[in-house]
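Topology and contacts: notes
In case you want the letters, here they are:
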Amino acid sequence: MNVANDMSLFTLIAGASVPVQLVMAVLIITSLISWWYIFIKLFTIKRAETNAESFENAFWTGGDLNKLYEGISSTRRKPQGMASIFEAGFKEYIRHKQQGRMEVSDVMEGARRAMRAAYNRELDDLDAHLPFLASVGSVSPYVGLFGTVWGIMNAFRGLANSAQATLSQVAPGIAEALVATAIGLFAAIPAVIAYNRFSSGVDRMAVRYESFMEEFTNILQRKS
Amino acid sequence: MIRQHENPVAFKAGMFSLGVHAILIIAMLVSFSWHTPQPISIAEVELWENLPVAPTVVPPKPLPEPVKKVEPKPLPEPEPKPEPEPEVKEEPKADIELEKKRKEAEKRKEEEKKKVAELEKLKKQMLLEEKLEKQEALKEKQRQEALRKLQQDMLADDDAKAPKASTAKSSSAASAGEVDKYKAMIQAKIQRNVNQSLCGDGDPELHYEITLMPTGDVQGSPKLIKSSGLSACDDAVERAILQSQPLPLPADPNLRAEFRNLKLKFHPNE
């Protein structure tokens, strides 16, 4: 039983049967991608929070809204987060005002719709990749389990062919198969944790955006 | 795959992701010892090394050697006195003794090989040349030999080694005799436990090889070297061997080495 003596991680993976190796490859790729998304979400949500922080600071210091709008729309980059909601709402408000002869309620309604649309786009960006993390978290343990079951089936089938059944004949096969479950769990656990954390982070951002929308609507109504 | 607004962080995130996996793989390689130790064979070796030191208590001390030597000595001492006084009377006695000797020598010739006979002849010549004192000495020797022979006949089967041992020289002869004696004891003890009804009417002969531990227990199971032809008989003898544990062993550890691997011959119907 030379196999039992040399049970390094790589020989275990190399010694596994083809379906198990496929499962392992899929799981490793999934794990890489899910970790990639995890870090992307970590950075983007953090950035959205700091952006919202700085924009709220600028907004509530009580400066001129026109100046703020010009500052935002003059930059070449597309505004993000709260700034894009503000831009969409204020642009719509100005247009309605320039046309004149409009009811105040209609103007407010238009600005509100524009802000709602911008808000939905922002939220969609924030929500990106979360479904992927959710499915990795729930599915990859099963995929790993499938690889393990397949590998153990092979190990026991090999056992049936030998006259004297010893544990050392099955042990390498089972160890190989269990590597699949290990990889599956390694992909799933961070994905589930990240999903829960990010979805709560996105919810908090959504509440923040919505409350900003309500407050901004009030300010526009007072102006008109 | 990724949104436009995520482009600036995508590369950084990818690097982090690869880093996490690299750390995990390194941690697995470092923290696991991927080589399985095999302690079983080592344990066996230790058992063998430790056991021989421990026993010493098991068998009673082998008295026979000293007893034999002590017994004949007191006999000759009183005898020498009558020797010098009646010279005439002594000669016939010597003759008778010579005859006795010859008879025994002949018996031995039948049993033993030529060397023994030559030795005896030499001894006879010595006897003839020298006088009564030496005859007396011979007497002692003969008595010793006769005693030894008697004991061996009682204890041992007609083992090929037994006669050789009697003619061999002092210490090695003594140890060989001791070994044979214990072999005979072992064989006798096993023989008592054999169920003879299983071995038919003839005289089946079978050979077993056993490995003895220093405690007198049989290690593993006896190995059948030559079957008697009756598997029931073979089994009966094997059962007898296992039933006879612990087998008698000499106290002397040097002698015990001879008993580690024993080849035993059995005639269950004798």
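A few words on the nonpolar core. Judged by nonpolar contacts, the single largest core of 52 residues is most densely connected at Phe55, Phe59, Phe86 and Phe216 of chain A. For this core, the secondary structure elements donating two or more residues are helix 3 (18-60), helix 4 (65-74), helix 5 (82-99), helix 6 (104-127), helix 7 (130-161) and helix 8 (167-223) of chain A together with helix 1 (7-31) of chain B. Counting residues per element, this core draws most heavily on helix 8 of chain A, at 14 residues. When residues no more than four places from it in sequence are discounted, the contact partners of Phe216 of chain A are Phe59, Leu65, Phe86, Gly89, Phe90 and Met115 of chain A. In terms of nonpolar packing, the next biggest core, distinct from the first, is built from 22 residues, Leu206, Tyr208, Leu249 and Leu264 of chain B among them.

Quick look at the packing of aromatic side chains now. Residue and element names in this part refer to chain A. A full pass over the atoms with the stated rule returns 22 aromatic pairs over all chains. Taking the centre distance of 5.9 Å and the plane angle of 25° together, the rings of Phe55 and Phe59 count as stacked. Linking Phe55 with Phe59, this pair stays in helix 3, spanning 4 residues, or about one helical turn. Of the residues examined, Phe59 reaches a relative accessible area of 5% and is grouped as buried. Through a chain of ring-to-ring contacts, three or more aromatic side chains come together here, namely Phe55, Phe59, Trp60, Tyr69, Phe86, Phe90, Tyr93, Phe212 and Phe216.

For helix 1 of chain B, with 25 residues, the first-to-last C-alpha span of 37 Å sits near the 36 Å given by 1.5 Å per residue. Along helix 1 of chain B, the positions that sit buried rather than exposed are Val9, Ala10, Ala13, Gly14, Ser17 and His21 of chain B. Where helix 1 of chain B is buried, its residues contact helix 3 and helix 8 of chain A.

Bringing empty space enclosed by the protein into the picture now. Here the structure, examined in full by the defined rule, presents 4 cavities of 30 Å³ or more. There is about 130 Å³ of room inside the largest cavity. Taken together, Lys41, Thr44, Arg47, Ala48, Asn51, Gln80, Gly81, Glu122, Asp125, Leu126 and Tyr209 of chain A together with His5 of chain B make up the full set of residues lining the largest cavity. Within the residue set of the lining of the largest cavity, elements represented by two or more residues are helix 3 and helix 6 of chain A.

How each quantity is defined
Residues take numbers from 1 onward in each chain, read along the sequence in its written order. In the order they appear in the text, chains get letters beginning with A and ligands get numbers beginning with 1. Given that the model is predicted, a residue must reach a pLDDT of at least 70 before its local features are reported, and side-chain atom pairs must reach 80 or more before they are shown or counted; all residues, however, enter totals for whole chains, interfaces and linings. As a rule here, side-chain values cover all heavy atoms of the structure and leave hydrogens and water aside. Nine residue types can take part in a nonpolar core, namely buried Ala, Val, Leu, Ile, Met, Phe, Trp, Tyr and Cys, and a core is a set of them joined through side-chain atoms within 4.5 Å. Residue burial is assigned from relative accessible area. The probe radius is 1.4 Å, only protein chains are included, and a residue is buried under 20% of its type maximum, exposed over 50%, and partly exposed in between. Here a helix means four or more residues in a row that DSSP labels H or I, a strand means two or more in a row labelled E, and each is numbered from the N terminus. Throughout, a contact is declared for two residues whenever any of their heavy atoms are within 4.5 Å. Ring pairs shown here join Phe, Tyr and Trp side chains whose ring centres sit within 6.5 Å, with only the six-membered ring taken for Trp; geometry is labelled stacked below 30 degrees between planes, edge-to-face above 60, and tilted in between. A helix is expected to span 1.5 Å for every residue after the first. Only protein atoms enter the 1 Å grid used here, on which a cavity is any set of points holding a 1.4 Å probe that cannot leave and a pocket is any open set flanked by protein within 12 Å on both sides along at least five of seven lines; residues with an atom within 4 Å of a point are listed as lining. Grid points are joined across faces, edges and corners, and a volume is the space filled by probe spheres set on the points.

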